[in-house]
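One letter stands for each residue in the lines below.
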Amino acid sequence: MTFHATISGVPRIGPDRELKKALEAYWRGDSTGRELAGVATKLTNDYTDQLITAGLDSAPYAGRSFYDAILDTSALLGTLPERVADIPDHSNDGLPGFIDRYFAAARGTAELPASAMTKWFDTNYHYIVPELSADTTFSLDDHAFLEDLRDQIKRAGTAVRPVLIGPLTYLSLARTTDGSKTLDLLEDLFATYARLLPRIADRGAEWVQIDEPTLVTDIPEDVTQRVRAGYEKLAQAHPELKILVQTYFEDGDRAIATLSGTGVAAFGVDLVYGGVELASWTGEELLVAGIVDGRNVWRTNMDQALQTLGTLAHRGPVAVSTSCSLLHVPYTLEREDLGPVQEWLAFGKEKIAEVAALSAALRGEDVSEFFKASREAIAAREASPLSHNEQVRARTAAITAADRQRSSIKERQEAQRESLNLPPLPTTTIGSFPQTREIRSARARWRRGQIDGEAYKQAMVDEVRDVIGRQEALGLDVLVHGEPERNDMVQYFSEQLEGYLSTDHAWVQSYGSRCVRPPIIYGDVHRPEPMTVEWYKVAQSFTDKPVKGMLTGPVTMLAWSFVRDDQPLGDTADQVALALRDEISDLIDAGAQIIQVDEPAIRELLPLREANQPAYLEWAVGSFRLATAGAPNAVQIHTHMCYSEFNELIDTVSNLDADVTSIEAARNGMQVLAALKDAGYELGVGPGVWDIHSPRVPQQDEVDALLAAALDSVDPQLLWVNPDCGLKTRGWEETTASLKVLVEAARKARA
């Protein structure tokens, strides 16, 4: 009943984004539930088969997920938000009965707001935040999950290992609607899992994986004791069902210390982003060693990995695995053409092969050819001149503290009031406007060579003219050009910066049906020529109102890319910052008075343990300030942050020293405002008053109330009125209607 090779989790969107397309067709009413369920089932079956064919003898199975694993858990536990409870079970063949309530929680409806959405630990994946209260009772709605599990085991055998989100992690990531503490429900939730595990065993499972990444974070001693007691009960719930507790993203030794001796049969640990010593592991339990990087795309150093595994195997039983779920990397390299860099890389399928090869080598099998190819690729990367640019390195080495410093905020605010002459509560948007079918079609025809560059550029100029006209008609105060020419806020810049590579098919899931293609940073980053200046000039030529220059900040350019792993992140961030500093200088020369440098990911990369956070914040804040500190006082620097918990980072937001910061706030009811007020925040701020990730038009009284709450916490002279995020994924009808509500709320508040 043991195993030797596995991965810790699987992607679900499909190598060609099959689930995305099926979801969106279903939401539009263009397909049936049976068709959607069929796509999800096929993707799940195909991936299980791929793992077993590759030589893995245990395959994680989280069931058919239609949006998000945490949301799946809420459905399983009967804790979907109370406001969706009146939506009846859906009888569409092939889908769970709760599917309409499930999608209402994820996306909202015309009448109901969506649940909050935020980042999964320090990754760019988003989860739907559970909404609980002191009165929450857990009621298993497990029929669909168990039937799917039974069918999967019947089809693929007992190598199938069901995966659950652990009780501690689920509650730690949840919020309450009544001010109670989510962890007050911990014992009840463990008792619910104790009822679920025998049902899983009855379907034929020999192992169950329970994901507890929260165990690698700073948790109080009293909580660790409660978790230990909970797992002792789970181990006894069905003693023949073996429990693997899986951690990732940090050192797993603390989790082993907490749960060793409880009856848990195996510990999954991250040996890439955590330590390899594992002093607390006695060798009595199986160690599922996450030695292959599940978050980045570089080949594993097979010799070093095997040496680490061999050392551990002398202490006890070891299975080879990935550091985390392969949700975070693309499916395969097979369809890419990335030149010499391709040989340096391993996507999902290639990582599975690395796991299989390491497991075989650990058991004494001959996989020398695989190791040889890996060794040669790593040596080629180390020797390649593609990785190094001496001019960039010299410029980075010459950075001084003065390069990261602007004048005082009071001096800047006075200069900007005079230069901009904006009304109180100025209205704006975050940057992008709807990427219509016409825009996507023009881009696709240009890339296929069906239209030339001039025709494509003219089509985009026409779009900019239209967007500017729409904003003026709505009465917005500070305009944007709408970004029709941009495919993605990181990819667009990566395609114009040296040191970056873009892919053609390397999609990963960001949330729900939203997918991105993170670029790859393979070398020293620099800007050959201006990237956005001409588009700013085009937009400003169509209006007398100020148009923002729009850039993506250095931390986000790293966070939403696959970064090089051969130098410190801070060094790469400074290289990107210098490229942006040059772009800002050129925008100012072109007449830009307001420049937005988005950093939605700055909270995302924050280390999970408090002791490691100051060093990160020093280089992250420093790189943003390096990019922006060259702007004169009269030029207003904006930044934008979204879908992370910012309450504990108000000092960091202040330290960025942007003149105005727009922050996602609508979904969580403006919770960030109390922190702003307590901190005596003195910079401009725009807490979002419209949740753009839900396909609904906000009611006037909703936006009025959010703006009123903002005015209770923020000096009116510092407050901006804006949506939560960019409008790229929305349609024009809902965008226009929602912005009318936003502008009207500002008008009434001014009065």
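Now for a look at the structure at hand. (Residues numbered from 1 in each chain as written. Predicted model: local features only at pLDDT ≥ 70, side-chain atom pairs only at ≥ 80, totals over all residues. Heavy atoms only, no water.)

## Examining unusual backbone geometry
The backbone phi angle of F121 is positive, close to 50°, even though this residue is not glycine. F121 gets classed as buried once you look at its relative accessible area, which sits at 11%. Located in the positive-phi region is D657, a residue other than glycine, with phi close to 65°. Along the polypeptide, D657 turns up in the loop between α22 (650-656) and β19 (660-663). (Buried < 20%, exposed > 50% of the residue type's maximum accessible area, 1.4 Å probe, protein only. Helix = DSSP H or I, 4+ residues; strand = E, 2+ residues; numbered from the N terminus.)

## Some details on the packing of aromatic side chains
Per the stated rule, a full pass over the model turns up 16 aromatic pairs. Centre to centre, the rings of Y102 and F103 are 5.5 Å apart; their planes meet at 75°, and the pair counts as edge-to-face. Residue classification places Y102 among the buried residues on the basis of a relative accessible area of 1%. When the ring of Y492 is compared with that of F493, the centres are 5.3 Å apart and the planes differ by 85°; the resulting orientation is edge-to-face. You can call F493 buried: its relative accessible area is 1%. These aromatic residues form a ring-pair network of at least three members: Y26, W27, Y67, F98, Y102 and F103. (Phe/Tyr/Trp six-rings, centres within 6.5 Å; stacked < 30°, edge-to-face > 60°.)

## Let's talk about the pattern of salt bridges
Taken as a whole and judged by the stated rule, the model has 45 salt bridges. With a closest N to O distance of 3.0 Å, R155 and D49 form a salt bridge. Of this pair, R155 sits in helix α5 (residues 143-156) while D49 sits in helix α2 (residues 33-53); the two residues are 106 residues apart in sequence, bridging distant segments of the chain. For R155, a relative accessible area of 37% puts it in the partly exposed group. Linking D704 and K748 is a salt bridge whose minimum nitrogen-to-oxygen distance equals 2.6 Å. A residue pair is termed long-range when its members are at least 10 positions apart, and D704 in helix α24 (residues 700-713) and K748 in helix α25 (residues 732-750) qualify at 44 residues. The partly exposed category is assigned to D704, whose relative accessible area is 22%. Shared partners join several salt bridges into a network, and the residues in it are R381, R393, D524, R564, D565 and D566. (Salt bridge = Lys/Arg side-chain N within 4 Å of Asp/Glu carboxyl O.)

## A short note on the side chain of T735
Here T735 shows up in helix α25. Residue classification places T735 among the buried positions, given a relative accessible area of 0%.

## Here we look at the state of the cysteines
Chemically, a disulfide is nothing more than a covalent bond linking the sulfur atoms of two cysteines. The tally for this structure, following the rule as stated, stands at zero disulfides. Counting only cysteine sulfurs, C515 is the nearest neighbor of C324, a cysteine outside any disulfide, at a range of 17 Å. (Disulfide = S-S within 2.5 Å.)

## Things to note about the nonpolar core
Formed by 129 residues in total, the largest nonpolar core has its most connected members in W120 and I200. Residue contributions to this core peak at eight residues, all from helix α7 (residues 186-202). If you count residues domain by domain, this core takes at least three from each of domain 1 (5-68 + 114-383) and domain 2 (412-750). Leaving out residues up to four positions away in the same chain, I200 has contacts with F145, L146, L149, P162, L164, A205, V208 and L241. In this structure, V464, L479, I584 and A710 belong to the second largest nonpolar core, which totals 103 residues. (Core = buried A, V, L, I, M, F, W, Y, C linked by side-chain atoms within 4.5 Å. Domains from an automatic or database assignment. Contact = heavy atoms within 4.5 Å.)

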